[in-house]
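Examination of the molecular architecture
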Amino acid sequence: MTILEAIRARHSVRAYKDIPIEEELRDQMDAFAAQANEESGLNIQIVYDDPTGFDARLAHYGKFSNVSNYIVLKGAPSQDFEERCGYYGEMLVLEAQRLGLNTCWVAMTFNKKVVKKLVPKGEKLCMVIALGYGENEGQPRTSKLMKDVLATQGAMPGWFADGVNAALLAPTATNQQKFKIGMVDGEPAIRVSGVGFCTKTDLGIVKYHFEVASGRKVK
């Protein structure tokens with residue numbers, strides 16, 4: 001499965017099978033996380049076989065079940081911390097999809113007492129990503145139209161349209177899709193549009209989708 005195929009196939013999954021992730025897949029995910037940390041300066045950690053991370057009332061409220069593996073997005077705070085967590089977190093999400101695993105971005109409904117113990121002094125927790133073998137592949141969600149997120153008008157190159165279409169498939173908090181995509185000095189640019197929940201993290205996720213599909217870096 002290619003990354004583009006993973007973008008189209010991946011949907012949020014909250015219910016998981018009680019099946020451990022194989023050592024070979026763990027090694028691949030850990031290596032990918034190490035690479036992401038090296039590139040980003042983050043301290044992303046993957047936790048396996050620990051159901052306590054989602055053993056909380058909020059997790060049940062969020063309809064999560066059998067979550068024993070999760071990705072912790074953390075690192076030193078900075079102006080672009082949340083955006084980097086979104087960008088590199090989604091990189092891991094799509095790699096997991098390629099390996100036959102399922103995921104779900106989680107901002108609130110996890111056991112914070114357990115997860116925050118994994119965050120060293122001087123670092124900040126951004127979000128958590130549930131990981132494992134889903135009971136199903138999730139469901140597609142309703143998405144905005146291309147015209148709803150464009151900040152420019154007129155004809156667009158094919159690579160730009162490919163990037164926008166992939167960006168529209170990016171997961172965002174409560175499916176709010178609060179972003180605009182346009183061109184600045186001949187280069188693609190994506191910005192937060194309006195006020196919303198986790199918009200900076202969402203921005204990083206959207207940028208990664210756009211870059212993968214378009215082959216162009218985003219300002």
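Presented here is an overview of the structure given in this document. (Residues numbered from 1 in each chain as written. Predicted model: local features only at pLDDT ≥ 70, side-chain atom pairs only at ≥ 80, totals over all residues. Heavy atoms only, no water.)

Comments concerning the packing of helix H7 (residues 158–167) against helix H8 (residues 199–214)
In the contact formed by H7 and H8, the axes pass within 7 Å of each other and the chain directions differ by 140°. Between H7 and H8 lies a crossing whose hand is right-handed. Residue-level inspection shows Trp159, Phe160, Asp162, Gly163, Val164, Ala166 and Ala167 of H7 in contact with H8, the latter providing Val206, His209, Phe210, Ala213 and Ser214. Looking at the contact of H7 with H8 residue by residue, the classes come out as 8 nonpolar, 3 polar and 1 charged. (Axes fitted to C-alpha atoms, helices over the stretch in contact; angles between N-to-C directions. Helix = DSSP H or I, 4+ residues; strand = E, 2+ residues; numbered from the N terminus. Left-handed = near helix turned anticlockwise from the far one by under 90°. Contact = heavy atoms within 4.5 Å. Nonpolar A, V, L, I, M, F, W, Y, C, P; charged D, E, K, R; others polar.)

Quick notes on the side chain of Gln97
By secondary structure assignment, the location of Gln97 is in helix H4 (residues 81–98). Taking relative accessible area as the criterion, Gln97 reaches 5% and is therefore assigned buried. Setting aside residues no more than four positions away along its own chain, Gln97 makes contact with Met1, Ala6, Ala9, Arg10, Asn102 and Glu137. (Buried < 20%, exposed > 50% of the residue type's maximum accessible area, 1.4 Å probe, protein only.)

Quick notes on the pattern of salt bridges
Tallied over the entire structure, the rule returns 8 salt bridges. For Glu83, the salt bridge is made with Lys207, and the minimal N-O distance between the two is 2.8 Å. Remark: Lys207 occurs in helix H8 and Glu83 occurs in helix H4; sequence separation between them is 124 residues. You can call Glu83 partly exposed: its relative accessible area is 24%. Residue Asp148 pairs with Lys147 through a salt bridge whose shortest N-O separation is 3.4 Å. Assessed through its relative accessible area of 29%, Asp148 is described here as partly exposed. (Salt bridge = Lys/Arg side-chain N within 4 Å of Asp/Glu carboxyl O.)

A few points about the environment of Gln177
As for its position among the elements, Gln177 is in the loop between H7 and strand S5 (179–184). Judged by relative accessible area, Gln177 falls into the buried class, the value being 1%. Counting along the chain gives 16 residues from Gln177 to Ser193, while the straight-line C-alpha distance between them is 8.7 Å. If we ignore the near neighbours within four places in the chain, the residues touching Gln177 are Arg141, Thr142, Ser143, Lys144, Leu168 and Thr172.

Structural notes on empty space enclosed by the protein
All told, the structure shown has 1 cavity of 30 Å³ or more when counted by the stated rule. Approximately 40 Å³ is the volume found for the largest cavity. Forming the walls of the largest cavity are Thr172, Gln176, Gln177, Lys178, Phe179, Val192, Thr199, Asp202 and Leu203. Looking at the lining of the largest cavity element by element, the count peaks at 3 residues for H8. (1 Å grid on protein atoms, 1.4 Å probe; cavity = no way out; pocket = protein on both sides within 12 Å on 5 of 7 lines; lining within 4 Å. Points joined across faces, edges and corners; volume = space filled by probe spheres on them.)

Quick word on a negative patch on the surface
A contiguous patch of negative charge on the surface is contributed by Glu22, Glu23, Glu24, Asp27 and Asp30. Note on placement: Glu24 falls in helix H2 (residues 23–40). (Patch = residues over 30% accessible without salt bridge, like charges linked within 9 Å, V, L, I, M, F, W, Y side chains within 5 Å. Areas by Shrake-Rupley, 256 points an atom, 1.4 Å probe, with all protein chains shown as cover. Lys, Arg positive; Asp, Glu negative; His and termini not counted. Charge placed at Lys NZ, Arg CZ, Asp CG, Glu CD.)

Observations regarding the layout of surface pockets
The space that makes up the largest pocket amounts to roughly 640 Å³. If you go around the largest pocket, you meet 30 residues; those closest to its centre are Ser12, Arg14, Trp105, Thr172 and Thr174. Among the secondary structure elements, those contributing two or more residues to the lining of the largest pocket are helix H1 (3–9), H4, strand S3 (102–106) and H8. Of the residues belonging to the lining of the largest pocket, the class tally is 17 nonpolar, 8 polar and 5 charged.

A word on the environment of Val164
Tracing the backbone shows Val164 in helix H7. Accessibility expressed as a relative area gives 0% for Val164, which makes it buried. Remark: the alpha-carbon pair of Val164 and Leu145, spanning 19 residues in sequence, is separated by 9.8 Å. Setting aside residues up to four positions removed in sequence, Val164 forms contacts with Met146, Val149, Leu150, Ile181 and Phe210.

Quick look at H8
The terminal C-alpha atoms of H8 lie 22 Å apart, and with 16 residues this matches the ideal 22 Å at 1.5 Å per residue to within 8%. The element H8 is extensively covered by neighbouring structure, given that 14 of its 16 residues are classed as buried. Looking one or two residues past H8, Gly215 carries a phi angle of roughly 75°, positive in sign. (Expected span 1.5 Å × (residues − 1).)

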